[in-house]
Amino acid sequence: MFTSTEAGACGSAPEALVSVSTDGVVPPDRLEWWSCLMETDVMPVALTSDHEGGFRGSARAVDLPGARVAEFAFSPMSARRGPAQIRRFDPEQYHLFLVQGSPIQLEQSRNVANLTTGSLAVFDTSRPLAADFFTRDDRGHRVTLMQLPRTAVPLKADRMERLLGRSLTVRSPAGVLLGHFLSGFLESAGHSGPAELRRTGAIGVDLAAAYFAGLLDARDALPVETREQVLLARVDTFIEHNLGDPELCPAVIAAHHHISLRTLHQLFRTRPGTVAATIRRRRLERSRADLVDPRLRHRTIGDVAARWGFRAHADFSRAFRAAYGVAPSDVRAPDPRDGASRTSVAAEADDGGGGWPAGEGEFDVHGG
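Definitions and limits used
Residues numbered from 1 in each chain as written. Predicted model: local features only at pLDDT ≥ 70, side-chain atom pairs only at ≥ 80, totals over all residues. Heavy atoms only, no water. Pairing = 2+ DSSP bridges. Helix = DSSP H or I, 4+ residues; strand = E, 2+ residues; numbered from the N terminus. Axes fitted to C-alpha atoms, helices over the stretch in contact; angles between N-to-C directions. Polar contact = N/O pair within 3.5 Å; in protein donor to acceptor, adjacent residues only side chain to side chain. Contact = heavy atoms within 4.5 Å. Core = buried A, V, L, I, M, F, W, Y, C linked by side-chain atoms within 4.5 Å. Buried < 20%, exposed > 50% of the residue type's maximum accessible area, 1.4 Å probe, protein only. Phe/Tyr/Trp six-rings, centres within 6.5 Å; stacked < 30°, edge-to-face > 60°. Lys NZ or Arg CZ within 6 Å of the ring centre and 35° of its normal.

Undergrad: Got a minute to help me understand the sheet that holds strand E10 (residues 129-133) in this structure?
TA: Sheet strands pair by backbone hydrogen bonding; their relative direction is either parallel or antiparallel. Ordered by their spatial adjacency, five strands build an open sheet running E2-E5-E10-E7-E8, and the pairing between neighbours is antiparallel. Unpaired on one side and paired on the other, strand E2 (46-48) and strand E8 (111-115) mark the two borders of the sheet. Across the sheet, the mean angle separating the axes of adjacent strands is 10 degrees when strand polarity is ignored.

Quick look at the structure:
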């Protein structure tokens with residue numbers, strides 16, 4: 001099972017990515033095992049499945065301060081949570097989830113939503129619900145779930161009730177950012193340290209709160225800190241998407257987000273570098289990644305520099321050397337054709353210039 005029964009107790013350190021699955025459970029016991037996982041790590045529910053004999057499921061999760069993000073993949077089934085399950089255990093949470101597999105029908109608070117891939121929805125663990133994970137064949141389902149204590153959402157319960165059991169729009173800026181966060185967080189979590197997980201986890205919670213507030217036209221209910229974190233997330237995304245534009249600078253960023261330069265610089269006050277330094281660092285990181293990639297060996301160093309927004313080759317070289325202590329050419333991936341050519345020349349010299357006819361006696365490193 002996962003590491004705790006509560007989603008990220010406030011103040012606790014982020015946990016590493018934890019994964020579990022039914023693979024080690026004998027098939028007749030898998031649905032019962034999955035029910036126990038749901039009860040201890042999500043909430044008690046009554047599960048039924050037409051695939052009980054061949055049921056399969058897997059889960060991975062990261063506990064964060066104030067939340068948990070988890071991904072579940074499983075065979076078609078139905079889940080019911082009624083008064084008996086609520087009395088058994090209620091984590092008193094909102095569960096926001098992103099559908100990434102087959103369709104789901106969710107019912108709560110007299111609302112019924114038919115959800116497809118890319119849909120966002122939220123439910124309250126303190127209320128009865130019904131969920132049917134159905135499909136016309138044996139394909140499974142995949143959902144990414146954020147478990148949020150109700151205290152982490154600065155909106156009144158009667159307002160949040162309007163969102164329960166509905167298919168929620170993802171077209172708002174906060175919705176787009178939240179969708180990207182949920183779909184990509186667990187992939188990056190395995191490569192992040194505790195401090196980075198803590199920072200990105202806090203951003204995710206703020207994005208969820210801002211998303212709900214936007215849907216309810218209640219942005220004024222958000223704390224100033226939450227609004228700042230959401231704006232900073234939007235700025236980060238804008239920078240990432242425009243690194244290749246040599247015109248990208250603090251003034252352009254501020255104008256795009258309709259804020260003053262002073263406000264923009266204030267957003268970065270807790271970051272290790274200024275706005276301009278952040279742009280330069282990320283450009284250098286992307287450039288270095290291209291240079292060490294053997295698949296991009298055909299691109300000149302000047303091409304790589306221009307791709308990531310550096311106007312002049314000399315400026316790029318100076319910045320690269322200052323950041324990494326070596327010239328761009330020193331980290332360049334070797335051309336795999338160079339080794340092949342040397343091997344071929346040596347072979348011809350050994351056999352007097354003959355050797356195997358083209359295509360005979362060769363070994364394909366990709367296919368054997």
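Picking up where we left off.
Undergrad: What's the story with the side chain of His 141 in this structure? I'm lost.
TA: Here His 141 is to be found in strand E11 (residues 141-149). In this structure the side chain of His 141 is engaged in a polar contact, spanning 3.2 Å, whose partner is the backbone oxygen of Phe 133. Setting aside residues no more than four positions away along its own chain, His 141 makes contact with Phe 72, Ala 73, Phe 74, Ser 75, Pro 76, Ser 102, Pro 103, Ile 104, Phe 133, Phe 134 and Thr 135.

Undergrad: So what exactly am I meant to see when it comes to the nonpolar core here?
TA: With 40 residues, the main nonpolar core has Phe 185 and Phe 212 as its most contacted residues. Here this core gets 10 residues from one element, more than from any other, and that element is helix H5 (residues 194-215). Not counting the four nearest positions on each side in its chain, Phe 212 is found in contact with Leu 96, Val 122, Leu 148, Val 153, Leu 155, Met 160 and Leu 163. By size, the runner-up hydrophobic cluster in this structure holds 30 residues, among which are Met 38, Val 42, Met 77 and Leu 106.

Undergrad: Looking at this structure, I do not really get the pairing of strand E3 (residues 57-64). What am I missing?
TA: Side chains on a regular strand alternate between the two faces of the sheet. Most of E3 is tucked away, with seven of its eight residues classed as buried. One ladder, built from four bridges, connects strand E1 (residues 18-21) with E3; its direction is antiparallel. In the sheet register, Val 20 faces E3, and the bridge partner there is Ala 59. Both E3 and strand E4 (residues 67-74) contribute to a ladder of eight bridges, which runs antiparallel. Looking at the pairing, Asp 63 lines up with Arg 68 of E4. Adjacent in sequence and paired antiparallel, E3 and E4 are bridged by two residues, among which Gly 66 carries a positive phi angle near 90 degrees.

Undergrad: For this particular structure, what's the right way to read the pairing of E8?
TA: Here E8 shows a clear split, with Asn 111, Ala 113 and Leu 115 buried on one side and none of Val 112 and Asn 114 buried on the other. As defined by bridge partners, strand E7 (residues 104-108) adjoins E8 across five bridges and the pair is classed as antiparallel. Looking at E8, one finds that Glu 107 is bridged to Val 112.

Undergrad: Honestly, the packing of aromatic side chains in this entry has me stumped. Any pointers?
TA: The description of an aromatic ring pair uses the distance of the two centres, along with the angle that the planes make with each other. A complete count under the given rule lists 11 aromatic pairs for this structure. Seen from their ring centres, Tyr 211 and Phe 212 are 6.0 Å apart, and the 45 degrees between their planes marks the pair as tilted. Phe 212 shares its class with Tyr 211; the two are buried. Taken together, Trp 33, Trp 34, Phe 55, Phe 72, Phe 74 and Phe 133 form an aromatic cluster joined through their ring pairs. The ring centre of Phe 268 lies 5.4 Å from the NZ or CZ of Arg 271, which sits over that ring. Over the aromatic face of Tyr 324 sits the side chain of Arg 288, whose NZ or CZ is 5.3 Å from the ring centroid.

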